[in-house]
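What follows is each chain in one-letter form.
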Amino acid sequence: MTTLKIGDKAPNFSGKDQDGNQHTLADYHGKKLVVFFYPKANTPGCTAEACDLRDNFERFKANNYALLGVSADSAKAQASFKNKFDFPFPLLADEDKSVIQAFGVWGPKKFMGKEYDGIHRTTFVINEEGVLEDIITEVKTKAHAAQILK
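Note that the coordinates shown come from a computational prediction; the quantities given were computed from them, not determined experimentally.

Undergrad: Please clarify how helix α3 (residues 75–85) should be interpreted in this entry.
TA: Side chains three or four residues apart in an α-helix point the same way, a direct result of the helix having 3.6 residues per turn. Within α3 the residues assigned to the buried category are Q78, A79, F81, K82 and F85. The arc that holds the buried residues of α3, viewed along the axis, is 165°, so those residues lie on one side. Turned more than 90 degrees away from the buried face of α3, the exposed residues are K76, N83 and K84. Packed against the buried residues of α3 are α1 (44–55), β4 (65–71) and β5 (91–93). Following α3 by one or two positions, D86 has its phi on the positive side, about 55°.

What follows is the structure in structure tokens.
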């Protein structure tokens, strides 16, 4: 799991979203940034989480937050997910896992007795200066906005 701690500088990431647009940490300087990592687009938990963030998007905007979703899905899968649920925030298609690895959220998981490597559902809240303000590892998919905007 991630070795990052609250108070650390956020990793200087760079990745492309569902439309091929590049996003870097520097792009968000002066804004609070929520980077949420989810295992797979269009799955029940990931859909619930992203829809909760979408439904509270105006609250995030009013508090100077930008949102960025990240999974290892292809740009095509991310575009389909974003369009299907009308998400107002970009989704990084991190197929090479460079952003996922930078934040340290790739690792062993267990599901139905099987062990495999995958993305640990984790959210990082980065302040206006690029410093980690919060790290949420126990994500409540249906009430995630409330966890962030506490």
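Undergrad: Would you mind going over the sheet that holds strand β8 (residues 122–126) with me for this structure?
TA: Backbone-to-backbone hydrogen bonds join strands into a sheet, with any given pair of strands oriented parallel or antiparallel. Ordered in space as β5-β4-β3-β8-β9, the five strands form an open sheet in which the pairing is mixed. Each edge of the open sheet carries a strand with a single partner, namely β5 and β9 (132–136). For this sheet, the mean inter-axis angle between neighbouring strands, taken without regard to orientation, is 20°. Sheet topology note: the β4/β5 ladder contains three bridges and is parallel. Within β5, the residue paired with V70 across the bridge is L92. Its contacts with the sheet put α3 on β4 and β5, and the angle it makes with β5 is roughly 160°.

Undergrad: Just to check I follow, could you spell out the pattern of salt bridges for this structure?
TA: Side chains bearing opposite charge may pair, as long as their charged atoms lie close to each other. Going through the model one piece at a time under the given rule, you end up with six salt bridges. The partner of D73 in a salt bridge is K40, with the nearest N and O atoms 3.3 Å apart. Taken as a pair, D73 in the loop between β4 and α3 and K40 in the loop between β3 (32–37) and α1 lie far apart in primary sequence, 33 residues in all. Among the residues examined, K40 registers a relative accessible area of 46% and is labelled partly exposed.

Undergrad: Looking at this model, I keep getting lost on the state of the cysteines. Mind explaining?
TA: A covalent bond bridging the sulfur atoms of two cysteines is what the word disulfide describes. Per the counting criterion, the structure on display carries zero disulfides. Its sulfur unpaired, C46 is 11 Å from the next cysteine sulfur, which belongs to C51. Taking relative accessible area as the criterion, C46 reaches 2% and is therefore assigned buried.

What counts as what
- Residues numbered from 1 in each chain as written.
- Predicted model: local features only at pLDDT ≥ 70, side-chain atom pairs only at ≥ 80, totals over all residues.
- Heavy atoms only, no water.
- Buried < 20%, exposed > 50% of the residue type's maximum accessible area, 1.4 Å probe, protein only.
- Helix = DSSP H or I, 4+ residues; strand = E, 2+ residues; numbered from the N terminus.
- Arc of directions from axis to C-beta.
- Contact = heavy atoms within 4.5 Å.
- Pairing = 2+ DSSP bridges.
- Axes fitted to C-alpha atoms, helices over the stretch in contact; angles between N-to-C directions.
- Salt bridge = Lys/Arg side-chain N within 4 Å of Asp/Glu carboxyl O.
- Disulfide = S-S within 2.5 Å.

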